[in-house]
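Breakdown of the fold
The residues making up each chain are set out below.
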Amino acid sequence: MKKALAATLAVAALVAIALVAGRAAAAPAATKDTAIVGTGSSFVFPLVSKWIPEVAKAYGFNITYSPTGSGAGIAGVTARTVDFGASDAPLSADQLTACKGCVVIPWALSATSIPYNVPGLGGRLHLDGPTLANIYLGKITSWNAPAIKKLNPSLNLPNLRITPVYRSDTSGTTYNFTEYLSTVSGEFKSKVGNSTAVNFPTGVGARGSSGVAGVVSKTEGALTYVDVAYSLANHFTFAGIKNKSGAFALPGLRGIKQAVSQLPKKVTSLSQLKIVDPPKSAGKQAYPIVTFSYVIVPTNSSKAGSVRKLVYWAVTQGQKFGPPLLFEPLPVTVQAFAYREIKKIQGV
Amino acid sequence: MSTIDDTAAPAAGQAATGLERRRLRLGDTLFRGLALTASAGSVFLLGWIAYKVLDLAWPSIQHFGLSFVWTEAWDPVTEQFGALTFIYGTALTSLIALVIAVPISIGIALFLTEIAPKKVAAPIATMVELLAAIPSVVLGLWGILVFGPWIAEHLEPFLQDHLGFLPIFSGSPSQAGILPAALVLTIMIVPITSAICRELFLRVPRDLTDGALALGSTRWESIRGVTLTYAAPGIAAAVLLGLGRAFGEAIAVTQVIGGGNSINVSWFATGDTLASRIASQYQGATSQLQAGSILYLAAILMAISLVTNVAAQLIVRRFEKARRAA
Amino acid sequence: MSAVPQTVDAYDITRRSNGLRRRRATEKLMGTLGVVSAGLAVAILALVLGTVLLKGLSALDTDFFTQPRPLFGAEGGIADALVGSAIIVAMCVVFAVPSAVLVAIYMAEYASPRVATFLRIVLDVLNGVPAIVVGIFIFGILVVGHGQSGLFGALALAILMLPMVARATQEVLEVIPRSLREASLALGVTKWKTTTSIVLPAAIGGILTGVVIAVARVAGETAPLLFTSSIAANQVSTDALHALPTLPVAIFTFSESADPADQARGWAAALVLIVFVLVTNILAKVFSRGRTGR
């Protein structure tokens, strides 16, 4: 009996210490009103991570963001379990209706890189759209296949099985990647299609940008599609992808900037923001797999005022944090579109 | 005597006054009511869980009906959903895990009860219990970073080299897939089933086994003929409980199974189980039908768990009844 | 059998029999298999624990325990997850244990045998509900529309803990001799006073053991927290009305990452969790031995 009491007191003491230590270490001025919770795209997570402390400095907002995939961002803001959702895929008409009065605002711009883990190549891998589509359709299964050899005559391609890695969660990066593949391969479009979650016929699935990067780092012969910031952070080599000019473009700032150079002068709807596989006029270095990332905000909510400030900051001052992470600042036309959409959010 | 509160109890031999009697009854009634509320609440909670799962799954149940259960499809683009891939994955990983785990568990239990001297048995029993205490997320972490790569680099090539003519060992070795998931489940099931088996074997009446030995059977023959036969229903129950545990495991499985979408004959291929698919896709379901379909998977999972659970309980109850009658 | 036995010792005769040789061989084989099985289990345990220990120790430093989980590309630790887990598990105990004890009391003291059996079945079925389904349940009835919170996470864990503690308490209550209750009632003590002042204190050791074991189980549960308390700020917080980071979910996230630093943090966090589970299990053993032995 005494032992039981003593042990219970010990446990209670531990919990008390944890609570006290927690209170002492907790961030000051974190009142409920300034706590903004968002979730969604892991693609944009590197940039949002940079924004969080900056916004705290600027407005005292306490932002919580968890990368759970674009689908979870859309679902979360629709169910109002979070204050804003982040998605690299625009909302369909059905999703927009279900969200009941949400605006979709582009707030970041970056590229989907194609990193790979093939040792001893002796140079950067070159791929093109149809080859990539065939890899993910399971029609090309080995790194020394003739189609790949044709694009990389000088490389040392091993007889190694290709493991295509895809996102098992609902992902805006998948949307971007499959949009590109559906554009360049009719077979891919009819067999797999373009969506945030598709039925890939072959390969290994992993959760989150982090997850697919993890599988590639551990599996020889693997390749995947992931935001270029993750490739950089994990020191992956990514492939050069053949664009309409015939050059093998890279997912750097120049590649991204050229890819969005053909946008209309005034952007009035999100459907005008299709930028995969840009035309020849875009530029020699235009990278074919570029995407905007969007924030989805309910126009009417208790947090509308704070979120409005956050989004405005993000599309203006926030953009300068992008380049080191290979997020290209929004083009002026898109920024103007963003301003018009932000105005629709109620609040101070 | 000193622990009894004298204000509540009238002195022995003295009748309680009306007021006192009412106060006593009130206390009893209130307390009984509280306990009853808690119990009724538990029953209500179980019913509510079942109701809510079905309610959230309704859009999909209505749309697909029962054919969902035997449809192999999971395509959010065309909104075609079916549970067959995941029922197959659940069944296959759990069965592989059972086939490996049950003999090992019986072996461990026999070792602890028959072979090992007490001094050795106690620490080993503790170690097996510790294996049960490892949280599944830690096993999954170990599975992703250590076990999976080992399976892909050593185990699967070995199986393919020696038994590659079997279609289940065809295909290319992979760190994520049915086999790694099944082996992780094996590690989870073994402690549970071996603990139950050990309890069962300890309860076998000594005179039965002594009798067998006196008749000239070897130790193993007495174990096989007496202990195992006597404990067979209990072992069956243990198997079912282990099965239930394997069915419901979402986290460790989703970490190592690779999120495959179709049924593959090879055990090296990726796949998915009911629980694992729910864990990886529920938060991201962006259409009513997809969310409903994932809950439909949850309803199937609940039904399967319920059946194995109830079956295990029935066996135990019949076992107890038979033994009490004997 | 050809030779005439020298002695009448039956053992001597049968030693020359082929049948017995085969049976002996089988016995030896089975014995070896038993040893191998036990050895395998111990080896796996050593492998898993050993890896966690080796890889986890290298990442343990003061920063690990004082810094919150890192944002992308930053340094960090698990301070926020530790605090979050402690709060959620503590709340879970507060929610689950009183209700569980009350259910057990009803089963042991008030219910008819039929009702008691029915409740036992209900509790066993509740115990068998997969943790992920419990997570979806709480998500569906509470998180939708209100957002995640540590409170909801604690409720989900409490649903898991309830059947465990209720069954353990019920078993302990049944072991307490009827004579204790009857003596108290005969002296005129009310039933509820008997239960709370006589029976419960006698059972407290067993109840605490059950609670401690349940805490060890529940502290490592990830699935229910995935939907109820996973979108949490990367800073130490005690605000249970918002989502709190937790140790199991942190390990889950670290385990899938490509970043070796994240993986190292995962191992270290796993080490902390395992140490906690181990310590609580040892605590439970101490309780139960203190009760029965002396």
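Residues numbered from 1 in each chain as written. Chains lettered and ligands numbered in written order. Predicted model: local features only at pLDDT ≥ 70, side-chain atom pairs only at ≥ 80, totals over all residues.

As for the confidence of the model for chain B
Overall, the predicted model of chain B reaches an average pLDDT of 88, with 93% of residues at or above 70. Confidence drops under a pLDDT of 50 for residues 1-13 of chain B, and excluding neighbours within four residues, the segment shows 19 contacts in the predicted structure. (pLDDT = per-residue confidence, 0-100. Contact = placed C-beta atoms within 7 Å.)

Focus: helix H11 (residues 247-255) of chain C
In terms of burial, H11(C) is a largely internal element, nine of the nine residues being buried. Listed as buried for H11(C) are C:Leu247, C:Pro248, C:Val249, C:Ala250, C:Ile251, C:Phe252, C:Thr253, C:Phe254 and C:Ser255. (Buried ≥ 20, exposed ≤ 12 C-beta atoms within 10 Å, placed from the backbone. Helix = DSSP H or I, 4+ residues; strand = E, 2+ residues; numbered from the N terminus.)

A few points about the sheet that holds strand E12 (residues 240-242) of chain A
All names here are of chain A. On the basis of which strands lie adjacent, the open sheet formed by three strands has the order E6-E12-E13 and mixed pairing. Two strands lie at the open edges of the sheet, namely strand E6 (126-127) and strand E13 (248-249), each paired on one side alone. Here E12 pairs with E13 via two bridges, running antiparallel. Considered in E13, the bridge of lysine 242 is made with phenylalanine 248. (Pairing = 2+ DSSP bridges.)

Describing the environment of A:Ile148
Residues and elements named next belong to chain A. Take isoleucine 148: it is sitting in helix H6 (residues 146-151). With 21 C-beta atoms counted inside 10 Å, the residue isoleucine 148 sits in the buried group. Distance from isoleucine 148 to serine 271, taken between C-alpha atoms, is 34 Å for residues 123 residues apart in sequence. Once you skip the residues sitting within four places of it in the chain, isoleucine 148 turns out to touch Thr131, Ile140, Trp143 and Leu157.

Things to note about the sheet that holds strand E2 (residues 62-67) of chain A
Residues and elements named next belong to chain A. With mixed pairing, six strands are arranged side by side in an open sheet as E2-E1-E3-E14-E4-E10. Each of the sheet's edge strands pairs with one partner strand only, and the pair in question is E2 and strand E10 (226-227). The pairing of strand E3 (residues 84-87) with strand E14 (residues 290-298) spans three bridges and is classified as antiparallel. Residue glycine 85 lies in a different strand from E14, and its bridge partner there is isoleucine 296.

Examining unusual backbone geometry
Residue and element names in this part refer to chain A. Backbone geometry at arginine 80 places phi at a positive 55°, although glycine is not the residue there. Within the fold, arginine 80 resides in the loop between helix H3 (70-78) and E3. Phi at histidine 235 takes a positive value of approximately 55°, unusual for a residue other than glycine. Here histidine 235 lies in the loop between helix H10 (228-233) and strand E11 (237-238). The exposure class of histidine 235 is exposed, given the 9 C-beta atoms found within 10 Å.

What about the interface of chain C and chain B?
Each side of the interface is counted separately: chain C has 71 residues, and chain B has 72 residues. Of all the elements, helix H2 (residues 18-57) of chain C adds the most residues to the side of chain C that touches chain B, at 19 residues. For the side of chain C that touches chain B, the class distribution of residues is 47 nonpolar, 18 polar and six charged. (Nonpolar A, V, L, I, M, F, W, Y, C, P; charged D, E, K, R; others polar.)

Remarks on the confidence of the model for chain C
Taken over all residues, the pLDDT of chain C has a mean of 89, while the share at 70 or more is 92%. Interface scoring of the predicted complex returns ipTM 0.88; its pTM is 0.90.

Side note on the domain arrangement of chain C
Where interface size is given, it is often the accessible area lost as the parts come together that is meant. All names here are of chain C. Domain annotation for chain C reports domain 1 (10-57) and domain 2 (64-293). Its C-alpha centre places domain 1 at a distance of 37 Å from the equivalent point of domain 2. If you look at the interface, domain 1 gives six residues, while domain 2 gives six residues. Among the residues making up the side of domain 1 that touches domain 2, the classes are represented as four nonpolar, one polar and one charged. (Domains from an automatic or database assignment.)

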